[in-house]
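Topology and contacts: notes
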Amino acid sequence: MLRARNKTGLVFFPAFDWAISPTHPEREERLLYTQDQVFEEGILDIEGIIEYKPDLVTKKDVQRVHFCVPDLWAVMTESHFISAGGAKTIAMAVMDKQVDCGFALVRPPGHHANRVVHGARGFCNVNIEAIMIEYIRKAYGVNRVAIVDTDCHHGDGTQDIYWHDPDTLFISIHQDGRTLYPGSGFLSEMGGPNAVGSTINIPLPPNTSEDGILHVIREAVLPILEDFKPEIIVNSAGQDNHYSDPITNMNFSAQGYAELTTLLKPDIAVLEGGYAIEGALPYVNAGIILAMAGMDYSHLKEPDYNPERIRQSPEVNRWVEKVCKKVLENWYKRRQLGEMARGDNRFIERDRKIFYDTDNIYERQHETLRVCEACGGALRIDSEAQERKHILAIHIPRNACQDCHDQGLAWYEEADADAYDKVYLQDRAADVMKEKVKPA
Amino acid sequence: MIIGLDVGGTHTDVVLLGQEGLVRQNKVSTNPADLFTTVLSGLEKITDGIDPQCIKRVVLSTTLATNRIVQQRMPDVGMIISAGPGMDPELFRTGPHYHVVSGGIDHRGREIAAVDADEVLKVADTLEQKGIRYVGVVSKFSVRNPVHELAIQEALGERFEKVFLGHRIAGALNFPRRIATTFLNASVYPIHKEFFEAVVNSLAQKGLNLPIRILKPDGGNMRFDASIDHPAQTVLSGPAASVMGTVAFAPQSDTCLAMDIGGTTTDMAVLVNGVPLLDPMGIKIGEHKTLIRSLDTISIGVGGDSVVRVVDGQIHIGPDRLGVAMAYGGPVPTPTDAMFILGVGEGGDLEKSREGIQALADELGIDVETAAQQIYDKACQTILDEAGAMVERINAKPVYTVHELWEGSRLQPRHIMVLGGPAPWFAKGLERLGDCPVEVVPRWKVANAIGAGLARTTCDVTLFADTEREIATAPEESFTKTIPSSYSKADATAMALDLLRKKAIARGANADHLELEVVEAMEFNMVRGFFTSGKNIRVMAQVKPGLIHGYDPIAEKIMGDHFV
Ligand SMILES: [Zn+2]
Ligand SMILES: [Zn+2]
Ligand SMILES: [Zn+2]
């Protein structure tokens, strides 16, 4: 009988009856061939590979992460409850030690969803990894988490949610933002003033192939993880780095994804993007599952796989090596960089403009952060979406110090409900969500 | 009239059913070493003095092939496998005569690497030199496109007695299971053929030309001659007979548990609105996970004759059986002995039972009545717990659409129906310890044979259409048809039902009373770039498992004659 070396949990939720629109790249057909391949290979019959039925997330699970505008029901569909629930199911199986590791093959994805949600960005409404992570933090007392986002697009939503959190290491490997949506994720984006260094961006040039991406994992990601010592490693396992992906320009392969998984050893992998639904996803997903389970994947190749044809150029080699060096340099300098960013300020403010490409919404944010060396810092976001709602969102971090907690509560108390459509308080220290609504 | 015959581990039950109800019932001892003789003597006994012309059908439920597989007395079988990229096909090796050849088909049924006929011929030479007579041919994704299996078969020519092709055995995807199932079919083929011919010839010699059918693990049956091409489908039909025995008496608009409590084991299944649930994957035989459809049943090692022991001050029941209860001269105490002491059961030698249970009571430091009560409760509680776990497992099965997850109601059985030798005795304990009413199936001792006799002919069809490739296929039926690009899910459903109707009639179903149902119908837009290039449609349809049309008066009569 075939047996997995690592007990591996799977949630398979292809959402065969849900899509944004019939010809959208993120649609019903997306996981069809993956499911065909996984079924035909008999992977679910392997002893030690356990398939779970997805749970649903609760309203509270979502509110731990997001400020949904105007409310949760406006931004979540049934599919989002299930896809985030699928990630949660896998995380619980891992935390309960029913399995050694797990992979949620779910859709829709989530890594472009920010903390404040007015609509959909990059096919994402809510951040399913963040909802999962904040759930296991609450339920299992997990503190230090590393997220390695291997989707071809910058994981800007996850970055936004963890920008001020020193306990969450977010590493995003992606095609350079000057050449691909969402246009962010540069080396200089290293986290907010209270958490400099805990966000790491590794932008790679178009046409990076196996050599480059695996080099990044070996030379930059693994040493940093070793240093950070996370309690769990989460892989945002987007598969659009594939050489046949229609909406990106990278040259990664199924063998490469499997090898990456073997090197990274994620506790939990959550499917993100990947739109080469026929030529890549079936092989990449099967490869990732086998790699997680500690099984042989050397026979698993795309029918047209030819490593010579997709080999990266010497210029790409040089770029990749240079980026890795710089990333490590920043990592080792992160404390000085943090001190410089904070300076003598008590509060640091920033203004941002956010575009929701899927729903065509423009949002302006004015953010105020309490500078703090003891915790992530109280955070106040004034957010207004053009011709839509204007809200005030106050976030008190999970490990808030007393001063930051007091500051967050004070901001909430003094906020003028008349001036906004809604005022939110996300008090993570007390694990409550409160709202003040404009009087009628 | 109808004959139902169920070969059990100890006894073979035979019933003769007519419009007047249960006309005769017989039990003959099962000779595991010679099932042919067992079946024959059962049939002879039940037909004694009956005009064979009056017998409209005979349904056999046997575990013949299973025994052969479990005992591993199988002939050498050659396997030719074409896998393409994916898992290493060596992982699914069935034995020494397993050959991997080139060729590859992808998930949409497109060729990605060709078959090499010369390579196949070399394999054929090797197999022939080894004296192999039976060959299985399986290629990956052959249920999407069987061309490679057909090409290999063609290259093999007439050199082997029988060649089994993977795509003919089941429409579902699962390459390792397809390999195992094809291998099993080829392996049990000679013994099944021998059994088939021996039964038919012996009956003919006695002037009995009986229309014989074989019960399948999915609770349906097929004509005896049709079983020659699907011999592995005759395995493990015993539990199916039991379940079908309860179908006639199960509530038609509620969920119920069926439990066949035997000497060694208790077999359980769930019936929803009178229809038994099917296992979504396929039956497991020994080490082999297969694609053979079956009812979703579990078998646990608790029965009337299970061995009762005290281990570390705790009562343990089963899973083994060393003989009958001590009351009937058996060697060790059993739940049946406990029930005699409690006055629940009857017959047998009460003193012997008391002697056996007393020894256990001494070990536990309690009196014999208390020990008997604890044994009885433990046996009933174990059955209830396992039933609960089965329902939990069914409720936890993954789903793949929003609709199913959102709307899918949880199963909650509200009746228990029991049959089998000690059924009435267990019923009282199950009702007391459980939380729903327990009924004993009428004619509980032979209800399994009645179930076999009244079971319907079942089969299923999987149809797959690809409007971009302009092709509809049902490889299991060797059906391929060109379709227009306007072909729809409704067209596919109609086509699948048409194929199913023909298949069911060919397998022996009554054309006037076919209950067909669509199990799954899905349609996907295939988008290339940002344009729809075609539709990918999948339809699966089946004959609903159930009893033959017109059984109601028979069942009513059986229920009426209160033998209980
Ligand atoms: Zn990324
Ligand atoms: Zn992406
Ligand atoms: Zn603080």
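Residues numbered from 1 in each chain as written. Chains lettered and ligands numbered in written order. Predicted model: local features only at pLDDT ≥ 70, side-chain atom pairs only at ≥ 80, totals over all residues. Heavy atoms only, no water.

**Focus: the environment of Val 15 of chain B**
With respect to the secondary-structure elements, Val 15 of chain B resides in strand β2 (residues 11-18). Distance from Val 15 of chain B to Leu 43 of chain B, taken between C-alpha atoms, is 9.4 Å for residues 28 residues apart in sequence. (Helix = DSSP H or I, 4+ residues; strand = E, 2+ residues; numbered from the N terminus.)

**What to know about the sheet that holds strand β10 (residues 268-271) of chain A**
Residues and elements named next belong to chain A. Taking strand neighbours across the sheet as the criterion, the 8 strands line up as β2-β1-β4-β10-β9-β6-β7-β8 in an open arrangement whose pairing is parallel. The two strands at the open ends of the sheet, each matched to only one other strand, are β2 (47-52) and β8 (199-204). Direction aside, the axes of adjacent strands within the sheet are offset by 15° on average. Relative to β2, strand β1 (residues 3-13) runs parallel, the two sharing 5 bridges. Paired with Leu 10 across the strands is Glu 51, a residue of β2. Sheet contacts for helix α7 (residues 210-228): β6 (145-149), β7 (168-175), β8 and β9 (232-237); angle to β7, the most-contacted strand, approximately 170°. (Pairing = 2+ DSSP bridges. Axes fitted to C-alpha atoms, helices over the stretch in contact; angles between N-to-C directions. Contact = heavy atoms within 4.5 Å.)

**Thoughts on the packing of helix α9 (residues 368-395) of chain B against helix α11 (residues 423-433) of chain B**
Residue and element names in this part refer to chain B. Following both chains from N to C, one finds α9 and α11 inclined at 75°, their axes separated by 9 Å at the closest point. The angle between α9 and α11 places the two elements in the roughly perpendicular class. Contacts between α9 and α11 involve Gln 373, Tyr 376, Asp 377, Ala 379, Cys 380, Gln 381, Ile 383 and Leu 384 from the former and Trp 425, Phe 426, Lys 428, Gly 429, Leu 430, Arg 432 and Leu 433 from the latter. Class assignment for the residues of the contact of α9 with α11 results in 9 nonpolar, 3 polar and 3 charged. (Parallel < 35°, antiparallel > 145°, perpendicular 65-115°, else oblique. Nonpolar A, V, L, I, M, F, W, Y, C, P; charged D, E, K, R; others polar.)

**Things to note about the side chain of Glu 476 of chain B**
Residues and elements named next belong to chain B. Structurally, Glu 476 can be placed in the loop between β24 (471-474) and β25 (479-482). Within the structure, the side chain of Glu 476 is placed 2.9 Å from the backbone nitrogen of Gly 171, a separation counted as a polar contact. Those residues within four positions of Glu 476 in sequence are excluded, and the remaining contacts are His 167, Arg 168, Ile 169, Ala 170, Gly 171, Asp 460 and Lys 503. (Polar contact = N/O pair within 3.5 Å; in protein donor to acceptor, adjacent residues only side chain to side chain.)

**Re unusual backbone geometry**
Of note, the bond from Arg 107 of chain A into Pro 108 of chain A is cis; its omega dihedral lies within 30 degrees of zero at 5°. Residue Gly 318 of chain B is joined to Pro 319 of chain B through a cis peptide bond whose omega torsion reads 0°. Along the chain, Pro 319 of chain B turns up in strand β20 (residues 314-321). For Phe 123 of chain A, which is not glycine, the phi torsion reads 65° and is therefore positive.

**Describing the packing of helix α8 (residues 350-364) of chain B against α9 of chain B**
Residues and elements named next belong to chain B. Two numbers describe how α8 lies on α9: the axes approach to 8 Å, and their chain directions differ by 95°. Viewed along their axes, α8 and α9 adopt a mutual orientation that is roughly perpendicular. Residue-level contacts link Arg 354, Ile 357, Gln 358, Leu 360, Ala 361 and Leu 364 of α8 to Val 368, Glu 369, Ala 371, Ala 372, Gln 374 and Ile 375 of α9. Here the residues of the contact of α8 with α9 sort into 8 nonpolar, 2 polar and 2 charged.

**A closer look at the domain arrangement of chain B**
Residues and elements named next belong to chain B. Taken as a whole, chain B is organised into domain 1 (2-71 + 191-239), domain 2 (78-190), domain 3 (250-440) and domain 4 (460-543). Here the C-alpha centroids of domain 1 and domain 2 sit 32 Å apart. Listed as interface residues are 12 residues of domain 1 and, on the opposing side, 10 residues of domain 2. Around 920 Å² of area is buried between domain 1 and domain 2 when both sides are counted, 59% of it from carbon and sulfur atoms. On the domain 1 side of the interface with domain 2, the three residues burying the most area are Ile 191, Lys 193 and Ala 232, jointly 39% of the side's total. Linking domain 1 with domain 2 are 1 salt bridge. Between Asp 229 and Lys 162 there is a salt bridge, and its shortest N-O distance comes to 2.5 Å. Listing elements by their share of the side of domain 1 that touches domain 2, those giving two or more residues are α2 (64-70) and α5 (175-205). At 4 residues, α5 tops the list of elements feeding residues into the side of domain 1 that touches domain 2. (Domains from an automatic or database assignment. Buried area = accessible area lost by both parts, 1.4 Å probe. Salt bridge = Lys/Arg side-chain N within 4 Å of Asp/Glu carboxyl O.)

**Digging into the domain arrangement of chain A**
Residues and elements named next belong to chain A. Domain boundaries assigned for chain A yield domain 1 (3-335) and domain 2 (344-437). On a C-alpha basis, the centres of domain 1 and domain 2 stand 27 Å from each other. Each side of the interface is counted separately: domain 1 has 35 residues, and domain 2 has 39 residues. Contact with domain 2 buries area across many residues of domain 1, yet Phe 67, His 118 and Asn 194 alone supply 25% of it, more than any other trio. The tally of links between domain 1 and domain 2 comes to 5 salt bridges. The interface formed by domain 1 and domain 2 holds 29 residue pairs in polar contact (both at pLDDT 80 or more) in total. Residue assignment for the side of domain 1 that touches domain 2 shows that the elements contributing at least two residues are α2 (59-63), β3 (67-68), β5 (116-117) and α5 (128-140). In terms of residue count, α5 provides more of the side of domain 1 that touches domain 2 than any other element does, 3 residues in total. When its residues are assigned to classes, the side of domain 1 that touches domain 2 shows 15 nonpolar, 9 polar and 11 charged.

**Some remarks on the coordination of the zinc ion (ligand 3)**
Residues and elements named next belong to chain A. Ligation of the zinc ion (ligand 3) by protein atoms is provided by Cys 372 (SG), Cys 375 (SG), Cys 401 (SG) and Cys 404 (SG), these donors lying 2.2 to 2.4 Å from the ion. Coordination at the zinc ion (ligand 3) is tetrahedral: its 4 donor atoms span angles of 97 to 119° at the metal. All donor residues of the zinc ion (ligand 3) come from one chain, and their arrangement in sequence is C-x2-C-x25-C-x2-C. Remark: Cys 401 occurs in the loop between β14 (390-396) and α12 (402-414) and Cys 372 occurs in the loop between β12 (361-370) and β13 (379-385); sequence separation between them is 29 residues. Like Cys 401, Cys 372 is buried. (Donors = N, O, S within 2.8 Å, 3.2 Å for Na, K, Ca; no water. Tetrahedral: all angles 85-135°; square planar, octahedral: opposite > 155°, others 65-115°. Buried < 20%, exposed > 50% of the residue type's maximum accessible area, 1.4 Å probe, protein only.)

**Structural notes on the layout of surface pockets**
Residue and element names in this part refer to chain A. Each pocket or cavity is described by its volume, and for the second largest pocket that value is around 720 Å³. Along the walls of the second largest pocket sit 38 residues, with Asp 165, Pro 166, Asp 167, Asn 194 and Ala 195 positioned nearest its centre. Residue assignment for the lining of the second largest pocket shows that the elements contributing at least two residues are α5, α6 (156-162), α7 and α11 (334-342). Top contributing element to the lining of the second largest pocket by residue count: α11, with 5 residues. Within the lining of the second largest pocket, the residues separate by chemical class into 14 nonpolar, 9 polar and 15 charged. When we break the lining of the second largest pocket down by domain, the ones giving at least three residues each are domain 1 (3-335) and domain 2 (344-437). (1 Å grid on protein atoms, 1.4 Å probe; cavity = no way out; pocket = protein on both sides within 12 Å on 5 of 7 lines; lining within 4 Å. Points joined across faces, edges and corners; volume = space filled by probe spheres on them.)

**What about the sheet that holds strand β6 (residues 98-101) of chain B?**
Residue and element names in this part refer to chain B. Taken in spatial order, the 4 strands line up as β6-β5-β9-β10 in an open sheet, and their pairing is parallel. Each having just a single partner strand, β6 and β10 (162-165) make up the two edges of the open sheet. Along the sheet, successive strands turn relative to each other by an average axial angle of 20°, direction set aside. Two elements, strand β5 (residues 77-82) and strand β9 (residues 134-139), share 6 bridges in a ladder whose sense is parallel. Note on β9: the bridge partner recorded for Val 77 is Tyr 134. Running at roughly 170° to β6, helix α3 (residues 117-129) makes contact with β5, β6 and β9 of the sheet.

**Some points on the interface of chain B and chain A**
Contact residues are listed per partner, giving 46 residues for chain B and 48 residues for chain A. Interface area, chain B with chain A, both sides summed: about 4000 Å², of which 59% is carbon and sulfur. Ranking the residues of chain B by area buried against chain A places Met 87, Tyr 400 and Val 402 of chain B at the top, with a combined share of 19%. Linking chain B with chain A are 8 salt bridges, by the criterion used here. Of the charged contacts in the structure, one is a salt bridge between Glu 278 of chain A and Arg 108 of chain B, with a shortest N-O distance of 2.9 Å. Among the elements of the structure, α5, α10 (402-407), β26 (516-528) and β27 (531-543) of chain B are those that each provide at least two residues to the side of chain B that touches chain A. Top contributing element to the side of chain B that touches chain A by residue count: β26 of chain B, with 6 residues.

**So, the coordination of the zinc ion (ligand 1)**
Residue and element names in this part refer to chain A. Within the protein, Asp 149 (OD), Asp 151 (O), Ser 172 (OG) and Ile 173 (O) serve as the donor atoms for the zinc ion (ligand 1), at 2.6 to 2.7 Å. Angles of 65 to 159° at the metal separate the 4 donor atoms of the zinc ion (ligand 1), which places the site in the irregular class. Read in sequence order, the donor residues for the zinc ion (ligand 1) give the motif D-x1-D-x20-S-I. Separated by 22 residues along the polypeptide, Asp 151 in the loop between β6 and α6 and Ile 173 in strand β7 bring together distant segments of the chain. You'll find Asp 151 and Ile 173 in the same group, each marked buried.

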